[in-house]
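The chain contents come next:
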Amino acid sequence: MGSPIRERMLSLLLEREDAFLSGEEISRRLNCSRTAIWKHIKELRKEGYQIEARPKSGYRLVYRPDRVAPEELKPHLRTRSFGRRMQYQECVPSTQLLAHEWAKEGAEEGSLVITEEQTDGKGRMNRIWHSPPHSGIWMSLVLRPPIPVTEAPQLTLMASVAVTRTLRRETGLDVTIKWPNDLLVGGKKICGILTELRGEQDRVQYVVLGIGINVNVTPDFLPKELESIATSLAIEGGRTFQRPLLIAAILKELEEVYEGYLDHGFEPIRILWEEAAGMLGRIITAQTPEGPRRGEAVGLASSGALLLKTEEGTLPVYSSDIQI
Amino acid sequence: MSMKMHELRELIRLVDESSIEEFELDNDGTKVVIKKALSEAPVAPEQQPEQPVQERPAAPAPAPSAPREAAEPREPEPSVEQEEETDLHPIVSPMVGTFYSAPSPDSDPYVDKGDTVEEKTVVCIVEAMKLMNEIEAEVRGEIVKVLVENGQLVEYGQPLFLVKTD
């Protein structure tokens with residue numbers, strides 16, 4: 001995790017833009033010694049920032065690496081609790097595993113684990129989630145919703161609604177949801193959401209909401225076997241996106257939608273989900289534990305189950321892989 | 001309240017199709033209680049109550065005598081048998097979803113028959129709408145029976161494992 005002084009020093013340098021900031025001024029405003037400043041400058045350089053130091057003039061920020069570290073995120077955060085506590089490392093096996101550990105140690109609601117690169121990113125049933133460095137959003141959020149366990153599956157739909165709305169607004173791309181929570185652009189996956197719950201019979205201890213978004217992943221970095229099923233915001237949008245801005249926007253929207261869900265229940269989410277879904281009215285095949293079911297996807301039940309209109313009537317689908 | 005027969009039938013049908021186990025309606029002195037029979041829980045037919053008794057390997061008492069003894073209330077043996085049965089703690093599913101016995105298709109199951117578990121031991125995952133619910137044992141003891149198959153759809157409240165508690 002970055003130190004608070006380093007974060008503030010970076011924001012001072014950013015404020016000054018191309019001009020020099022004197023050591024004296026930093027020392028006065030951050031209330032620290034010149035030696036301490038020098039130490040933090042060296043640390044920032046290690047993280048990839050290029051800082052020019054000129055005698056009598058001071059320091060100037062020349063180059064800023066594309067990072068999602070706390071010092072890059074915090075200036076953009078507009079949330080109450082989401083992301084206010086953060087664990088950041090350049091590279092981790094899986095943000096999901098770290099978030100579970102943190103939650104077991106008592107991490108508060110809204111605690112966020114975020115990284116530049118995952119070496120062992122987790123999908124559902126331990127499938128691999130490809131997460132190349134500095135090109136995506138790989139993060140896991142700890143939630144402690146005061147809801148019954150039976151309603152917890154609605155959280156996956158809630159999250160898909162929040163992320164879809166943010167990505168549509170911030171990128172202008174036609175992002176749609178495939179039930180329950182895969183985000184697609186042009187039929188290819190752009191974002192995966194993995195929600196894991198620990199709880200007792202009737203009480204949620206905590207939920208880890210994992211979100212993986214291919215942001216600036218270029219075609220070269222997309223493995224061949226994923227080419228036909230996955231894409232990125234940059235590939236689809238024809239430009240790169242600033243990850244810290246996207247993350248701050250997602251966290252803000254997520255927090256609002258989540259609070260709305262806790263206050264008003266699932267119905268508003270259900271309506272938003274149906275608006276954002278790209279599969280309603282289409283004939284789909286749902287692979288359910290009882291075998292494949294074919295029918296028209298007509299909407300969401302009040303539980304969040306997908307309503308499938310089949311020859312035998314309208315069935316609620318709780319658990320299934322969907323083929324459109 | 002005057003409830004029409006077709007309304008009552010509809011009510012029974014709805015409760016029957018739901019995961020609700022017991023439904024009670026009290027309105028202006030008319031009371032309707034619908035309670036699902038236990039046998040309706042999706043337990044395979046071969047798991048009749050007698051079977052666990054027969055399955056016990058070391059049952060020194062000759063089997064035919066058991067029913068007769070059961071008829072005499074003061075006999076100690078059947079009551080022991082019964083106590084053993086009631087000692088078994090069911091771990092039930094907290095929601096509707098798919099039961100997964102292992103974290104991934106090619107890994108070992110979280111627990112098997114004969115394994116000892118503690119309160120925090122994860123015994124399985126129940127998944128609905130891609131929410132992966134890691135179910136903890138919540139009791140200490142030994143898994144004596146796994147009641148459902150990997151990939152099976154389970155109902156709210158459906159027993160998944162039987163645990164002989166410590």
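Coordinates for the structure precede this section.
Residues numbered from 1 in each chain as written. Chains lettered and ligands numbered in written order. Predicted model: local features only at pLDDT ≥ 70, side-chain atom pairs only at ≥ 80, totals over all residues. Heavy atoms only, no water.

Caption draft 1: Here's a closer look at the overall build of chain A. Of the regular secondary structure elements, chain A holds nine helices and 14 strands. Relative to the compact-globule value of 20 Å for 324 residues, chain A shows a C-alpha radius of gyration of 22 Å, a close match. Principal axes of the C-alpha set define a box for chain A whose edges measure 80 × 45 × 30 Å. Of all 324 residues assigned to chain A, the portion counted as buried reaches 55%. Counting contacts in chain A only where the partners sit at least 6 residues apart, residues at least 24 apart contribute 61% of the total. In the form shown here, chain A has an accessible surface area of approximately 14,500 Å², with 48% of it arising from carbon and sulfur atoms. Taking the 42 positively charged and 44 negatively charged side chains of chain A as two groups, their mean positions are separated by 6 Å. (Helix = DSSP H or I, 4+ residues; strand = E, 2+ residues; numbered from the N terminus. Rg over C-alpha atoms; globule rule 2.2 N^0.38 Å. Buried < 20%, exposed > 50% of the residue type's maximum accessible area, 1.4 Å probe, protein only. Contact = heavy atoms within 4.5 Å. Areas by Shrake-Rupley, 256 points an atom, 1.4 Å probe, with all protein chains shown as cover. Lys, Arg positive; Asp, Glu negative; His and termini not counted. Charge placed at Lys NZ, Arg CZ, Asp CG, Glu CD.)

Caption draft 2: Seen up close, the interface of chain A and chain B. Tallying the contact residues gives 31 residues for chain A and 27 residues for chain B. Among the residues of chain A in contact with chain B, M125(A), Q201(A) and Y318(A) are the three that bury the most area, contributing 27% of the side total. At the surface where chain A touches chain B, the tally comes to three salt bridges. Among the ionic pairs, R198(A) bridges to E134(B), the shortest N-O distance being 2.7 Å. On the surface where chain A and chain B come into contact, there are 13 residue pairs in polar contact (both at pLDDT 80 or more). For the side of chain A that touches chain B, the element with the most residues is strand β8 (residues 188–199) of chain A, which contributes six residues. For the side of chain A that touches chain B, a count of residues per class yields 12 nonpolar, 13 polar and six charged. (Buried area = accessible area lost by both parts, 1.4 Å probe. Salt bridge = Lys/Arg side-chain N within 4 Å of Asp/Glu carboxyl O. Polar contact = N/O pair within 3.5 Å; in protein donor to acceptor, adjacent residues only side chain to side chain. Nonpolar A, V, L, I, M, F, W, Y, C, P; charged D, E, K, R; others polar.)

Caption draft 3: Geometry of the packing of aromatic side chains. Residues and elements named next belong to chain B. In total, this model carries three aromatic pairs over all chains according to the counting rule given. Seen in terms of ring centroids, F99 and F161 are 5.9 Å apart; in terms of plane orientation they differ by 55°. Their pairing is tilted. Of the two residues, F99 sits in strand β4 (residues 97–100) while F161 sits in strand β10 (residues 159–165), which places them 62 residues apart along the sequence. (Phe/Tyr/Trp six-rings, centres within 6.5 Å; stacked < 30°, edge-to-face > 60°.)

Caption draft 4: Local environment of the sheet that holds strand β11 (residues 291–300) of chain A. Residue and element names in this part refer to chain A. Read from one edge of the open sheet, five strands run β13-β12-β11-β10-β14, paired in antiparallel fashion. The sheet terminates laterally at β13 (313–317) and β14 (321–323), the two strands that pair on one side only. For this sheet, the mean angle separating the axes of adjacent strands, direction not counted, is 45°. Alignment of strand β10 (residues 283–288) against β14, held across three bridges, turns out to be antiparallel. Residue Q287 lies in a different strand from β14, and its bridge partner there is D321. (Pairing = 2+ DSSP bridges. Axes fitted to C-alpha atoms, helices over the stretch in contact; angles between N-to-C directions.)

Caption draft 5: Quick look at the packing of helix α1 (residues 4–16) of chain A against helix α3 (residues 34–46) of chain A. Residue and element names in this part refer to chain A. In the contact formed by α1 and α3, the axes pass within 10 Å of each other and the chain directions differ by 80°. As far as their axial angle goes, α3 and α1 are roughly perpendicular. Judged by residue contacts, I5, R6, M9 and L10 of α1 engage I37, H40, I41, E43 and L44 from α3. Among the residues forming the contact of α1 with α3, the class breakdown is six nonpolar, one polar and two charged. (Parallel < 35°, antiparallel > 145°, perpendicular 65-115°, else oblique.)

Caption draft 6: Examining the packing of α1(A) against helix α2 (residues 23–30) of chain A more closely. Residues and elements named next belong to chain A. The N-to-C vectors of α1 and α2 enclose an angle of 130°; their axes lie 11 Å apart at closest approach. On the basis of their axis angle, the class for α1 and α2 is oblique. For α1 against α2, the interelement crossing comes out right-handed. Counting all contacts with α1, which are made through I5, R8, M9, L12, E15 and R16, the residues of α2 involved are E25, I26, R29 and L30. Its residues placed into classes, the contact of α1 with α2 shows five nonpolar, no polar and five charged. (Left-handed = near helix turned anticlockwise from the far one by under 90°.)

Caption draft 7: Layout of the sheet that holds strand β3 (residues 88–92) of chain B. All names here are of chain B. Strands sit in the order β3-β10-β8-β5 across an open sheet of four strands; the sheet is antiparallel. Across the chains shown, the open sheet's two edge strands, defined by having one partner strand only, are β3 and β5 (116–117). Sheet topology note: the β3/β10 ladder contains five bridges and is antiparallel. The partner of H89 across the bridge, within β10, is V163.

Caption draft 8: View of the pattern of salt bridges. Residues and elements named next belong to chain A. Summed over the entire model, instances satisfying the criterion amount to 31 salt bridges over all chains. Its salt-bridge partner being R16, residue E25 comes within 2.9 Å of it at the nearest N-O pair. A relative accessible area of 16% means that E25 is categorised as buried. On the basis of relative accessible area, R16 is assigned to the partly exposed category, the value being 28%.

Caption draft 9: Spatial organisation of helix α9 (residues 267–276) of chain A. All names here are of chain A. I269, R270, W273 and A276 are the residues of α9 that are buried. Looking straight down α9, one finds its buried side chains confined to an arc of 130°; they lie on one side. On its buried face, α9 is in contact with α6 (154–171), β6 (175–178), α8 (243–264) and β11. (Arc of directions from axis to C-beta.)

Caption draft 10: Local environment of the environment of E71(A). All names here are of chain A. Structurally, E71 can be placed in helix α4 (residues 70–73). The spatial distance from the C-alpha of E71 to the C-alpha of I5 is 9.8 Å, given a sequence separation of 66 residues. At 3.3 Å, the side chain of E71 and the side chain of R67 are in polar contact.

Caption draft 11: Seen up close, the side chain of S94(A). All names here are of chain A. Tracing the sequence through the fold places S94 in the loop between β3 (86–92) and α5 (95–104). Judged by relative accessible area, which is 1%, S94 ranks as buried. Polar contacts involving the side chain of S94 include one to the main-chain amide nitrogen of Q96, which spans 3.2 Å. The residues touching S94, leaving out its near neighbours within four places in the chain, are Q118, D120 and K122.

Remember that the coordinates give geometry; whether it matters functionally is a separate question.
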